[in-house]
Amino acid sequence: MSDEKVTTDIITLSRHVLDEQRKHKEASGELTLLLNAVQLGVGLAGASNVQGEEQKKLDVISNEIFINALRSSGRVAVMVSEEDEQAIIVEDGLRGRYCVVFDPLDGSSNIDAGVNVGTIFGIYRTRPGSNGTVEDVLRPGKEMVVAGYCMYGSSANMVLSLGNGVNGYTLDNAIGEFILTHPNIRIPSRGKIYSVNEGNAMYWDEACTEYFNSLKFPPPGKNPYSARYIGSMVADVHRTLLYGGIFAYPADKKSKNGKLRLLYECFPMAYLVEQAGGKAVNGSGRILDIVPDQIHARAPIFLGSNDDVEDWEKINEKFAKK
Ligand SMILES: O=P(O)(O)OC[C@H]1O[C@](O)(COP(=O)(O)O)[C@@H](O)[C@@H]1O
Ligand SMILES: [Mg+2]
Ligand SMILES: [Mg+2]
């Protein structure tokens, strides 16, 4: 008879969010219900992704699944999706007081190769007195109340912050629930990995070129960083959160504002990285302080371990002064 203790006290995502809600006497429980809808949405999107029918349409399928899950929760007023040109204002009768911005399928260029893809989301409360308009999401990312992503691969991993640290959950297919597997994720203050599409190096400015060269050709006595680039932001950021280092999609001569979208890619990831003790900037300041001028606005982004991002900022400031 082995004396190994069997833990029966698994913490599901629903229970963990409820525990979090109990800490806030003023909480109405609406956010908990909304997060259940998000969980349903990513669970279904993940399932359709695994089936892999008609690969290319997966963005559309995930988008429809997520919109339906959010709308039917009765907790959402406004949705912004990468896949929809306009913001979606939920009709009366189903309208709630939260706004969800999301990228239903991130890493779409990797779908056919079966490489990890994911869903990225952020949640705002409507402004006081607002019945839900697009202005409720054209706000700094720091005003979000929830940020998260779900990564679909060999397992489905959800990483979530309610503004009080970052936790990771893994989908247990047997019970169809996300289980708390990575409590209180803290990003190392410095890493050994850089993640950027070097295929764009010829378009980079001097600061970018000098910074990434400083990682590849360090002074004597220092080891070069390793390069890792999956090409799915959700997967590259997930690794950066766990192992440390820096992920970047800089602006360059070809893409003046970089490639990644502020509302539903940069903001949620910056929120998570900061909550995990890291840093996220665009070259002139904190990503989460930016006020988007339109829902599909793009922004350059450098995020990850605090010391690594600060190293880049120092070099960038040096060239900015020239
Ligand atoms: O191929 P590139 O230019 O390096 O771009 C890769 C980036 O583009 C994206 O695929 C854009 O996201 P979508 O797949 O949601 O459009 C990111 O996930 C990724 O970081
Ligand atoms: Mg994306
Ligand atoms: Mg996408």
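In case you missed it, the structure is sitting above this.
Predicted model, so just to flag it, every value in this text is computed and none were measured.

Undergrad: I would appreciate a short explanation of the coordination of the magnesium ion (ligand 2) in the present structure.
TA: Six octahedral donors around a metal ideally make angles of 90 or 180 degrees; four tetrahedral donors ideally make 109.5 degrees. Summarising the metal site, the magnesium ion (ligand 2) is bound by the protein donors Asp-103 (OD), Asp-106 (OD) and Glu-265 (OE), whose distances to it range over 1.9 to 2.1 Å. Here the magnesium ion (ligand 2) and the magnesium ion (ligand 3) are spaced 3.7 Å apart, with Asp-103 acting as a shared donor. By the burial criterion, Asp-103 is buried, and Asp-106 matches it.

Undergrad: Is there a simple way to think about the packing of aromatic side chains in this case?
TA: Tallied over the full model, the rule gives six aromatic pairs. Judged by centre distance (6.5 Å) and plane angle (45°), the rings of Phe-66 and Phe-121 are tilted. Linking Phe-66 in helix H3 (residues 58-71) with Phe-121 in strand S4 (residues 117-125), this pair joins segments that are 55 residues apart in sequence. Given a relative accessible area of 0%, Phe-121 falls into the buried group. For the pair Tyr-211 and Phe-212, a centre-to-centre distance of 5.0 Å together with 70° between the ring planes defines the contact as edge-to-face. Tyr-211 sits in the buried class, given a relative accessible area of 1%. Overall, Phe-212 belongs to the buried group, its relative accessible area being 0%.

Undergrad: Honestly, the nonpolar core in this entry has me stumped. Any pointers?
TA: Where a protein is soluble and globular, its nonpolar side chains tend to be buried together. Counting residues in hydrophobic clusters, the biggest one holds 43 residues, and the most contacted among them are Leu-263, Phe-267, Met-269, Ile-287 and Ile-301. Of all elements in the fold, only strand S1 (76-81), strand S3 (95-106), S4, strand S5 (146-152), helix H5 (233-243), strand S11 (246-249), helix H6 (262-275) and strand S13 (301-304) reach the threshold of two or more residues within this core. Considering every element that reaches this core, the biggest residue donor is H6, with ten residues. In this structure Ile-287 touches Leu-262, Cys-266, Phe-267, Ala-270, Ala-280, Val-281, Asn-282, Pro-300 and Ile-301, once residues within four positions along its chain are discounted.

Undergrad: Teacher, can you tell me more about the sheet that holds strand S12 (residues 279-281) here?
TA: Across a sheet, paired strands are connected by hydrogen bonds in the backbone, their directions being either parallel or antiparallel. As summarised here, the arrangement of the five strands in space is S10-S9-S11-S13-S12, forming an open sheet in which the pairing is mixed. Taken across any chain shown, the strands that pair with only one partner, and hence form the sheet edges, are strand S10 (226-227) and S12. Sheet analysis places S11 next to S13, joined by four bridges and oriented antiparallel. Along S13, the bridge assignment pairs Ala-248 with Phe-302. The sheet contacts of helix H7 (residues 306-321) involve S11, S12 and S13, and relative to S12 the element is tilted by about 30°.

Definitions and limits used
Residues numbered from 1 in each chain as written. Chains lettered and ligands numbered in written order. Predicted model: local features only at pLDDT ≥ 70, side-chain atom pairs only at ≥ 80, totals over all residues. Heavy atoms only, no water. Donors = N, O, S within 2.8 Å, 3.2 Å for Na, K, Ca; no water. Buried < 20%, exposed > 50% of the residue type's maximum accessible area, 1.4 Å probe, protein only. Phe/Tyr/Trp six-rings, centres within 6.5 Å; stacked < 30°, edge-to-face > 60°. Helix = DSSP H or I, 4+ residues; strand = E, 2+ residues; numbered from the N terminus. Core = buried A, V, L, I, M, F, W, Y, C linked by side-chain atoms within 4.5 Å. Contact = heavy atoms within 4.5 Å. Pairing = 2+ DSSP bridges. Axes fitted to C-alpha atoms, helices over the stretch in contact; angles between N-to-C directions.

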